[in-house]
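This is what each chain is made of:
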Amino acid sequence: MPNTFITLDVPNVANGAGVPTLVGGTGHPKSFVLTGALTGRYIVEGSNDGGTTWDILKDDNDGTEALFTSQNAGTKSVDCIVERVRVRVARALPTSTPPSVTMGAPPALGFNFFGRLDVPDAAGTGAVLDLGLNVGPLKTFVLRGMVPERARFTIQASMDGARFDEAMLFTSDQQGARSVHVMCRYLRVQRTGGSGPAPAISVGCEPVFEPAGSESGGIAPSGPYVSFGDESVKSTTGIYDEEVIEEFLAPPTSVTGAAEKVVAWFSGLGRKGSPEGGAVTFRLRMGGTPGVADGEVLATAQVSTLERSPCVARSEPFVRSAPTLIKVTGRGNGEAAAVLGGLVVSIEPAPGPSGT
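Definitions and limits used
Residues numbered from 1 in each chain as written. Predicted model: local features only at pLDDT ≥ 70, side-chain atom pairs only at ≥ 80, totals over all residues. Heavy atoms only, no water. Salt bridge = Lys/Arg side-chain N within 4 Å of Asp/Glu carboxyl O. Helix = DSSP H or I, 4+ residues; strand = E, 2+ residues; numbered from the N terminus. Buried < 20%, exposed > 50% of the residue type's maximum accessible area, 1.4 Å probe, protein only. Contact = heavy atoms within 4.5 Å. Pairing = 2+ DSSP bridges. Lys, Arg positive; Asp, Glu negative; His and termini not counted. Core = buried A, V, L, I, M, F, W, Y, C linked by side-chain atoms within 4.5 Å. pLDDT = per-residue confidence, 0-100. Phe/Tyr/Trp six-rings, centres within 6.5 Å; stacked < 30°, edge-to-face > 60°. Lys NZ or Arg CZ within 6 Å of the ring centre and 35° of its normal. Axes fitted to C-alpha atoms, helices over the stretch in contact; angles between N-to-C directions.

1. Considering the pattern of salt bridges
Point 1. Under the defined criterion, the tally for this structure stands at 11 salt bridges.
Point 2. With a shortest N-O distance of 3.3 Å, Arg88 and Glu45 are connected by a salt bridge. Here the residue Arg88 occupies a position in strand β9 (residues 84-90), and Glu45 occupies one in strand β5 (residues 41-47), the gap between them amounting to 43 residues.
Point 3. According to the relative accessible area criterion, Glu45 is buried, its value standing at 6%.
Point 4. Notably, a salt bridge pairs Arg144 with Asp55, separated by 3.0 Å at the nearest N-O pair. In this pair, Arg144 sits in strand β14 (residues 135-144) while Asp55 sits in strand β6 (residues 55-56), placing the two residues 89 residues apart along the sequence.
Point 5. The class for Arg144 is partly exposed, based on a relative accessible area of 43%.

Now the structure itself:
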């Protein structure tokens with residue numbers, strides 16, 4: 001699919017929102033450009049529940065807000081997954097020629113997931129939302145509504161539906177559309193503090209890419225079964241122990257024969273966190289316990305420079321038919337942490353007939 005370039009509706013009134021535009025088939029990041037005279041505030045908002053709740057788009061990596069004023073013009077780029085966007089005008093002079101706001105975004109890897117979380121009216125946890133097996137790490141949450149001063153709404157994520165950990169926190173000072181990279185299948189909301197009517201919280205998730213491919217003549221299908229990427233820079237917290245840098249749950253492959261095999265690749269730009277010591281180590285692992293640097297080692301790469309250096313490794317062919325926990329780990333050299341950015345993981349058919 002090609003990139004998307006669209007012009008958003010900008011109302012020519014002092015205060016109000018333009019007509020929403022469907023962008024559920026686009027990926028991330030999304031870039032917004034305003035051209036023309038600014039007479040007020042022009043706010044790009046997103047929604048993930050069919051247009052019921054809206055809030056300003058914000059990039060959680062660098063804090064960029066999709067907000068244009070005479071003192072805050074220029075291009076805004078936000079890493080997010082949203083179903084709809086619109087432009088809201090505030091404190092502007094009515095005009096027959098409002099400025100133009102355009103959006104550019106790459107295509108989504110597949111079908112984005114959009115849903116609404118159950119938020120309890122009193123202290124406790126809401127019902128669990130099952131995201132299925134086809135969502136990737138980037139998730140954008142939109143909270144809208146009254147948040148009591150002492151109330152806290154924690155988005156919790158889980159791989160297995162039994163053990164949950166905090167993925168994001170909303171308080172009265174932390175509202176809006178916010179994104180986070182976290183691999184999980186299940187989500188729920190835990191409420192603490194004040195009771196009262198619950199705000200609405202919706203979520204948008206990027207997909208994993210796993211085309212069916214083609215199977216003919218006993219040859220393994222072409223193209224990747226799973227492709228996953230994360231441009232953000234991750235570092236181990238210590239210098240001795242192996243730690244999980246990234247993990248995700250890969251859905252089943254489309255293979256039909258028990259003998260079909262796949263190979264796993266991982267690549268990235270690795271470096272040492274300080275000049276001391278020798279090489280730092282990165283490993284691609286399969287299985288084990290979520291969040292723990294265990295499971296079978298599929299591939300290993302090492303980097304010994306302070307500058308970002310390519311590290312690429314490929315596994316031996318193996319059989320994979322069920323949902324699989326995939327991890328990328330890093331280990332320091334005893335004197336420096338392991339740092340990795342631009343990560344790409346690909347699981348694809350093994351070369352040769354029947355993946356042999």
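2. Looking at the environment of Ser172
Point 1. Among the secondary structure elements, Ser172 is positioned in the loop between β16 (165-170) and β17 (176-181).
Point 2. Here the alpha-carbon distance between Ser172 and Pro148, two residues 24 residues apart in the chain, equals 6.6 Å.
Point 3. The contact partners of Ser172, leaving out residues within four places of it in the chain, are Val147, Pro148 and Glu149.

3. Considerations on the pairing of strand β24 (residues 280-286)
Point 1. Where burial is concerned, most of β24 is hidden: 6 out of the 7 residues are buried.
Point 2. As judged from the 6 bridges shared by β24 and strand β27 (residues 324-331), these two strands associate in the antiparallel manner. Looking across to β27, one finds that Arg283 is bridged to Thr329.

4. Considerations on the side chain of Lys76
Point 1. Within the secondary structure layout, Lys76 lies in strand β8 (residues 76-78).
Point 2. The side chain of Lys76 sits in the buried core without any salt bridge; Glu65 is the nearest counter-charge, 8.4 Å away.
Point 3. Apart from the residues within four sequence positions on either side, Lys76 is in contact with Lys30, Ser31, Phe32, Thr64, Glu65, Ala66, Leu67 and Phe68.

5. Topic: the nonpolar core
Point 1. One finds Phe266, Phe282, Leu284, Ile326 and Val345 to be the most contacted residues of the largest nonpolar core, which totals 29 residues.
Point 2. Counting only elements with at least two residues in this core, the list comes to β22 (242-250), β23 (262-272), β24, β25 (296-303), β26 (309-314), β27 and β28 (338-349).
Point 3. Examining the composition of this core, we find that 5 residues originate from one element, β28, more than from any other.
Point 4. Ranked by size, the runner-up nonpolar core spans 23 residues in total, among them Ala167, Cys184, Val203 and Cys205.

6. Some words on the confidence of the model for the chain
Point 1. For the chain, mean pLDDT is 83; residues scoring 70 or higher make up 88% of the total.
Point 2. Note that residues 211-224 has pLDDT below 50 and, in this model, 34 contacts with residues that lie over four places away or in other chains.
Point 3. Contacts for the low-pLDDT stretch residues 254-259, under 50 throughout, to residues beyond four places or in other chains number 12 contacts.

7. Considerations on the packing of aromatic side chains
Point 1. Summed over all chains, the structure comprises 0 aromatic pairs.
Point 2. Directly above the ring of Phe68 sits Lys76, whose terminal nitrogen or CZ lies 5.8 Å from the centroid.
Point 3. Seen from the ring of Phe164, Arg188 lies directly overhead, with NZ or CZ sitting 4.0 Å from the centre.

8. Structural notes on the sheet that holds strand β1 (residues 4-8)
Point 1. If you trace the 4 strands from one edge of the open sheet to the other, you get β1-β10-β4-β8, paired in antiparallel fashion. Either end of the sheet is taken by a strand with one partner, and the two such strands are β1 and β8. Between one strand axis and the next, the sheet turns by 20° as a mean value, whatever way the strands run.
Point 2. Of the pairings in the sheet, the one linking strand β4 (residues 30-35) to β8 comprises 3 bridges and is antiparallel in character.

9. A few points about the sheet that holds β27
Point 1. Strand order across the open sheet formed by 4 strands is β22-β27-β24-β25, with antiparallel pairing between neighbours. The sheet is open, and its two borders are formed by β22 and β25, each paired with just one other strand. Neighbour-to-neighbour, the strand axes of the sheet open up by a mean angle of 15°, direction not taken into account.
Point 2. Two elements, β22 and β27, share 8 bridges in a ladder whose sense is antiparallel. By the bridge assignment for β27, Glu243 is matched with Gly330.

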